[in-house]
Amino acid sequence: MALALASVSAAFSIDGLTAIFAGAFWPIITMGAALEAGKLVAAAWLTEHWNAAPFLLRLILVAMIGVLMSLNAVGVFGFLTRAHLDHMAAIDQALADRTADIEVRLAIQIRTVADLDRRIAQIDAAIEEATRLGRPLGAMTIADQKRRERADIVAERQRQGQALASLQIEKAKIEAQRRRAEADVGPVRYLAELMGMPATDLERPVRLLTLALVVVLDPMAVMLLLAAGINTTRAGSR
């Protein structure tokens, strides 16, 4: 169990450190793996040779193990934080881009449809005005002149109206995706409420949860390794 926890902790930590020192990817992996192995070996060695080892050596090794555990905590914190932020940023960026695009297209489409409606209304108004003034012949002449133009405009209005409806449906789908994305952070929102924090503050509970995982993960691995070494030493002495 100690080795399983140590492996998970080391993997998270090394991945997190590569994000911090992105310019030295493979050197960081090599160094991180060596330091993690060294930490576990040092903890196991101290367990077996605690009484026989000089005080100064024990002190140095304990201090180094503490420093390595702190570095591990930094790496794990970086890994978990990046996983959370990357997920949220990807959702926000995708939805923001699509929302901005659909809003612009909707605005243009609405203006296009409104312009076509205005042109149709102008033709209808001209025919109605000629008829109202008692000039049906003039109205028929205007109608004959405008019939083809009006038919083309009406056909274009139908096409543009369908395009507008499609855009509105697409916008509704984006809003549904946004609501689903908000549902993904629902557990975090509930956690914030349980901790007495505002439901809109989603970062603090995530940071506290991440710190709790950091505090437990690597120290638990080291403590279990020390406990295993102590049990082995006692069994051997018997």
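This section reports on the structure supplied with the text. Counting starts from 1 at the beginning of each chain's written sequence and moves along it residue by residue. This being a predicted model, a pLDDT of at least 70 is required before a residue's local features are given, and a value of 80 or more before pairs of side-chain atoms are given or counted; all residues contribute to the totals for chains, interfaces and linings. Heavy atoms throughout the structure, all of them, feed into the side-chain values; hydrogens and water do not.

## Some points on the overall build of the protein
1) Next: A run of DSSP states H or I qualifies as a helix once it reaches four residues; a run of E qualifies as a strand once it reaches two. Both are numbered from the N-terminal end. Along its length, the protein carries 6 helices and 0 strands.
2) Next: Along the protein, helices and strands appear, N-terminal first, in the series α-α-α-α-α-α.
3) Next: Looking at the protein as a whole, 29% of its 238 residues are labelled buried.
4) Next: In this analysis, two residues are considered to be in contact whenever any of their non-hydrogen atoms come within 4.5 Å of each other. Within the protein, contacts between residues at least 6 apart in sequence are counted, and of these 70% link residues at least 24 apart.
5) Next: For accessible areas, the Shrake-Rupley method is used with a probe of radius 1.4 Å. Any residue's cover is judged against the shown protein chains and nothing else. Here the protein displays about 15,100 Å² of accessible surface, and carbon together with sulfur accounts for 66% of that area. Only protein chains enter the area calculation, which uses a 1.4 Å probe; residues under 20% of their type maximum are buried, those over 50% are exposed, and those in between are partly exposed.

## Some words on the environment of L209
1) Next: Along the chain, L209 falls in helix α6 (residues 203-237).
2) Next: Distance in space between the C-alpha atoms of L209 and L80 is 9.9 Å, their sequence separation being 129 residues.

## Thoughts on helix α1 (residues 2-20)
1) Next: The first and last C-alpha atoms of α1 sit 26 Å apart over 19 residues, in line with the 27 Å expected at 1.5 Å per residue.
2) Next: Buried within α1 are the following residues: A2, L5, A6, S9, A10, S13, I14, G16, L17 and T18. Expected span, for any helix, means 1.5 Å times one less than how many residues it has.

## Remarks on the nonpolar core
General note: in soluble globular proteins, nonpolar side chains tend to be found buried as a group.
1) Next: For our purposes a nonpolar core is just a set of buried Ala, Val, Leu, Ile, Met, Phe, Trp, Tyr and Cys residues, chained together by side-chain atoms within 4.5 Å. Formed by 18 residues in total, the largest nonpolar core has its most connected members in A43, I65, V76 and L225.
2) Next: In terms of residue count, helix α3 (residues 55-132) provides more of this core than any other element does, 6 residues in total.
3) Next: Those residues within four positions of L225 in sequence are excluded, and the remaining contacts are A2, L40, A43 and A44.
4) Next: One finds I102, V113, L164 and L167 within the second-largest nonpolar core, a separate group that totals 7 residues.

## A look at helix α2 (residues 25-49)
1) Next: Here α2 spans 36 Å end to end across 25 residues, near enough to the 36 Å set by a 1.5 Å rise per residue.
2) Next: Where α2 is concerned, the buried positions are I28, G32, E36, K39, L40, A42, A43, L46 and T47.

## Topic: the packing of α1 against α2
1) Next: Helix axes are fitted to C-alpha atoms over the stretch in contact, other axes to C-alpha atoms as well, and angles between N-to-C directions run from 0 to 180 degrees. Across the interface, α1 lies against α2 with an axial gap of 9 Å and an inter-helix angle of 150 degrees. Classified by the angle between their axes, α1 and α2 sit roughly antiparallel to one another. With respect to the hand of their crossing, α1 and α2 are arranged in right-handed fashion. Of the residues in α2, those touching α1 at A6, A10, S13, I14, L17 and T18 are F25, I28, I29, G32, A33, E36 and L40.
2) Next: Throughout, the ten residues Ala, Val, Leu, Ile, Met, Phe, Trp, Tyr, Cys and Pro are labelled nonpolar, Asp, Glu, Lys and Arg are labelled charged, and all others, Gly among them, are labelled polar. Class assignment for the residues of the contact of α1 with α2 results in 9 nonpolar, 3 polar and 1 charged. Relative orientations are named as follows: roughly parallel for angles under 35 degrees, roughly antiparallel for angles over 145 degrees, roughly perpendicular for angles from 65 to 115 degrees, and oblique for any other angle. In this scheme the crossing of two helices becomes right-handed for a clockwise turn of the near helix relative to the far one and left-handed for an anticlockwise turn of less than a right angle.

## Considering the pattern of salt bridges
1) Next: A pairing counts as a salt bridge when a side-chain nitrogen of Lys or Arg comes within 4 Å of a carboxyl oxygen of Asp or Glu. Within the structure shown, the criterion is met by 6 salt bridges.
2) Next: Across the salt bridge formed by K39 and D218, the nearest N and O atoms sit 2.5 Å from each other. One end of the pair, K39, is in helix α2; the other, D218, is in helix α6, with 179 residues separating them in the sequence.
3) Next: For D218, a relative accessible area of 1% translates into the label buried.
4) Next: Linking R105 and E170 is a salt bridge whose minimum nitrogen-to-oxygen distance equals 3.7 Å. Separated by 65 residues along the polypeptide, R105 in helix α3 and E170 in helix α4 (residues 136-184) bring together distant segments of the chain.
5) Next: The partly exposed category is assigned to R105, whose relative accessible area is 34%.
6) Next: The class for E170 is partly exposed, based on a relative accessible area of 25%.
7) Next: Overlapping salt bridges, with partners in common, bring together E36, K39 and D218 in one network.

## Brief notes about the side chain of R58
1) Next: By the secondary structure assignment, R58 is in helix α3.
2) Next: His residues and chain termini do not enter the charge count, which takes Lys and Arg as positive and Asp and Glu as negative. Within the buried set, R58 has no salt-bridge partner at all; the shortest N-O distance to an opposite charge, 14 Å, is to E48.
3) Next: Counted as a polar contact is a pair of N or O atoms within 3.5 Å, where, for protein atoms, one must be capable of donating a hydrogen and the other of accepting one, and residues adjacent in sequence contribute only when both atoms are in side chains. Of note is the side chain of R58, whose polar atom sits 3.2 Å from the backbone oxygen of W50.
4) Next: Not counting residues up to four positions away in its chain, the partners in contact with R58 are L46, W50 and A53.

## Quick look at a nonpolar patch on the surface
1) Next: A surface patch of nonpolar side chains, amounting to about 480 Å² of accessible area, comprises M1, V215, V216, M220 and L224.
2) Next: If you trace the backbone, L224 turns up in helix α6.
3) Next: Accessibility expressed as a relative area gives 31% for L224, which makes it partly exposed. Patches were defined on residues exceeding 30% relative accessible area and lacking a salt bridge, with like-charge contacts within 9 Å and nonpolar side-chain contacts (Val, Leu, Ile, Met, Phe, Trp, Tyr) within 5 Å.

## Focus: the packing of aromatic side chains
1) Next: Only Phe, Tyr and Trp rings take part, Trp by its six-membered ring, and two of them pair if their centres are within 6.5 Å. Stacked means planes under 30 degrees apart, edge-to-face means over 60, and tilted covers everything else. Summed over the entire model, instances satisfying the criterion amount to 2 aromatic pairs.
2) Next: Seen in terms of ring centroids, F12 and F79 are 4.5 Å apart; in terms of plane orientation they differ by 20 degrees. Their pairing is stacked. Of the two residues, F12 sits in helix α1 while F79 sits in helix α3, which places them 67 residues apart along the sequence.
3) Next: The exposure class assigned to F12 is partly exposed, which follows from its relative accessible area of 27%.
4) Next: Look at F25 and W26: their rings are 5.1 Å apart centre to centre, the planes differ by 85 degrees, and that puts the pair in the edge-to-face class.

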